[in-house]
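Summary of structural features
So you can see what is in the structure, the chains are spelled out below.
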Amino acid sequence: MSNYHIKHLEEYFQVYRKSVRNPESFWEEVAEEHFLWRKRWDNALSWDFSKPEVKWFEGAKLNITENCIDRHLNTRGDKTAIIFEPNDPNEAAQHITYKQLHDRVCRFANVLKEQGIQKGDRVCIYLPMIPELAISVLACARIGAIHSVVFAGFSSTALSTRINDSDCKMVITSDGSYRGSKTIDLKGIVDEALEDCPSIQSVLVVKRINSDIQMKEGRDHWLQPLLDEAYHDCEPEIMDSEDPLFILYTSGSTGKPKGMVHSSGGYMVYTAYTFKNVFQYRENDVYWCTADIGWITGHSYIVYGPLANGATTVMFEGVPSYPDFGRFWEIVDKHQVNQFYTAPTAIRALAKEGVDYVEKYDLSSLKVLGTVGEPINEEAWHWYDDNVGKKKSPIVDTWWQTETGGIMISPIPFATPTKPTYATLPFIGIQPALMDENGKEIKGNQVDGRLCIKFPWPSMARTIWGDHQRYKDTYFSAFENMYFTGDGALRDEVGYYRITGRVDDVIIVSGHNLGTAPIEDAINEHPAVAESAIVGFPHDIKGNALYGYVILKDTGEYRRHDNLRKEINQLITEQIGPIAKLDKIQFTQGLPKTRSGKIMRRILRKIASKDTSNLGDTSTLLNPEVVQEIIDNAL
Ligand code: WTA
């Protein structure tokens, strides 16, 4: 019997039970029936969370692109794999068939080889949402190079940090990118970043906006002429199941970004299986995820998961507001999208513009709606359900993380009854636990605690690039023998989970994870700044926005606060990117600290949220008097 496609609730419970009673044989069955392996595994799973070490399908040989492309050529060669919808609605959409995708990935892979890229080398991809982004990802996987995609909204400093952390040999970029009515000089950002990146030997440049850019002799190459010369077929490199497929950076609460390392075999099996079930994808459906491939959602649910199922996946280059706020719905109508997956931030921003934009278009093709990246509030959930899904398309509120590789808690549409703001039930094979502050598991229902996972699943990250100790400290040390997610959650009376938000110093702004430490470091580089602390506060559209408390040095120099605020945000834009800019900056004489010198962010968070009724006992602070001063001057 195949458990690959779950269609009703009873079946979910049955398959779930099977998957947790005997995870090894469950995942073996899925892996065996639905994928192409060059050699079968010797061992389905070995694991030890204390090291931590997790291996799935050890000894198996495969290439993920063979599963995402070659395998479909006989049956789906002329089917559209990728629909590319450009930023400008007047530019024609592109439909790339599986055959064409095979050709383009193979040529690109051959170019990489000619440029000296070999199995195991790291390649940084810094591209807008154009077909070459998906194609270059697959081309790396084709030859066993490890891709590290950096979201093309990150600044040059953020880019060079990521390139250097994993010693990338090559950067793939474009002359520029379109973003609504603006263009962005991506190549200029890369040039700046590379002033500081000794490991980079070459840069491949896609022509997108036809801008006049500098090409550095011997280092930079236009991609197209190389592709034209390249051979159209490329044998896939045969990889071990546990060989790294990619690195993707995510923010931590402290320190530099963490390069999460994902495997080949387990990642493929889990992303494909979740895609099929969470979106109830059927042959000939058109699926669209609005995320950027620069984030994990794009890796798993624009590229690998959909293509492993032979699906048609939409890639959109632009933004939801261009040329107007009806763009998403225009695209749904135009391509007859069946599954639509987006972030709560986008829903809130579009809801604010009114339903006229939605009602102009025919959305009757939609069958399943999804959300990801942050908690969805009840109002946004209902707006989405009423106006986009017309109350007939189930909403899958999918909880997961860069670290988990795939969706962990989510309804299965038409099987799991949905409940606004709840991610509902653990996905097949996932064993969540809620923990109290003393490290004890909280059993039963109607409880809340820190969300952990007790048992390995195939797509979990295997390590942090170059820093296994940090991987252990961050995820496997807070609770014994558990993966700690960093999120809080509650479990309701029927066992549904609701994610309540981060319990560490990561703040999710518009669905993007931001660590407080790198932002504070950027602010502290300003010559007038002595110290700073960042907290999140609720924001109608972004979910959270950033509030900075800044202590100025007593330089005797008079500066207008408004100018300083601009300069501070400018520094943040340069060091990290515009997504990390502060909404509010309050200058203060001091920050509340414990006697050991730790900033009491809990108090700052309450003040930023205008909730000063219950600040708790502040008398044990080193400097209790600053609290009143901060409250009096709060913005
Ligand atoms: C948050 C994105 C509530 C959560 C796939 C998690 C969510 C972090 C949800 C990971 C959801 C993600 N409901 N919160 N449905 N999905 N989160 O690594 O705090 O960019 O830890 O992965 O986003 O963000 P990341």
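The text that follows walks through the structure, step by step, so that each part is easy to find.

Cut-off values and rules
- Residues numbered from 1 in each chain as written.
- Predicted model: local features only at pLDDT ≥ 70, side-chain atom pairs only at ≥ 80, totals over all residues.
- Heavy atoms only, no water.
- Helix = DSSP H or I, 4+ residues; strand = E, 2+ residues; numbered from the N terminus.
- Polar contact = N/O pair within 3.5 Å; in protein donor to acceptor, adjacent residues only side chain to side chain.
- Pairing = 2+ DSSP bridges.
- Axes fitted to C-alpha atoms, helices over the stretch in contact; angles between N-to-C directions.
- Near = heavy atom within 4 Å.
- Areas by Shrake-Rupley, 256 points an atom, 1.4 Å probe, with all protein chains shown as cover.
- Nonpolar A, V, L, I, M, F, W, Y, C, P; charged D, E, K, R; others polar.
- Core = buried A, V, L, I, M, F, W, Y, C linked by side-chain atoms within 4.5 Å.
- Buried < 20%, exposed > 50% of the residue type's maximum accessible area, 1.4 Å probe, protein only.
- Contact = heavy atoms within 4.5 Å.
- Left-handed = near helix turned anticlockwise from the far one by under 90°.

This paragraph deals with the side chain of Thr463. One can find Thr463 in strand 23 (residues 463-464). Among the polar contacts made by the side chain of Thr463, one reaches the side chain of His468 at a distance of 2.7 Å.

Another point: the sheet that holds strand 21 (residues 432-435). Across the sheet, four strands lie side by side as 21-22-24-25; this open sheet has antiparallel pairing. Each having just a single partner strand, strand 21 and strand 25 (497-502) make up the two edges of the open sheet. This sheet shows a mean twist of 45° between the axes of neighbouring strands, independent of strand direction. Relative to strand 25, strand 24 (residues 483-491) runs antiparallel, the two sharing five bridges. From the neighbouring strand, Asp487 faces strand 25, where its bridge partner is Arg502.

On to the site of the ligand, then. The environment of the ligand is formed by 17 residues, the closest being Asp397, Thr398, Thr402, Asp487 and Arg502. A distance of 2.9 Å separates an oxygen atom of the ligand from a polar side-chain atom of Gln401. Separating an oxygen atom of the ligand from a side-chain N or O atom of Asn513 is a distance of 3.2 Å. For the ligand, whose unbound accessible area comes to 530 Å², protein coverage reaches 96%. Breaking the shell around the ligand down by element, the ones donating at least two residues are helix 11 (296-308), strand 20 (395-398) and strand 25. Looking at the shell around the ligand residue by residue, the classes come out as seven nonpolar, six polar and four charged.

For the rest of this paragraph, the subject is the nonpolar core. Formed by 122 residues in total, the largest nonpolar core has its most connected members in Trp37, Leu101, Leu112, Tyr273, Phe279 and Tyr304. Here this core takes nine residues from helix 6 (residues 131-143), the largest share from any one element. If near-sequence neighbours (up to four positions away) are discounted, Tyr304 is found in contact with Ile64, Cys68, Val137, Leu138, Ala141, His147, Leu245, Phe246, Tyr267, Thr271 and His299. In this structure, Ala158, Ile200, Ile523 and Leu564 belong to the second largest nonpolar core, which totals 39 residues.

Running from amino to carboxyl end, helix 6 crosses helix 11 at an angle of 65°, the nearest separation of the two axes being 10 Å. Between helix 6 and helix 11 lies a crossing of right-handed hand. Along its contact with helix 6, which presents Ala134, Val137, Leu138 and Ala141, the element helix 11 presents Val303, Tyr304 and Leu307.

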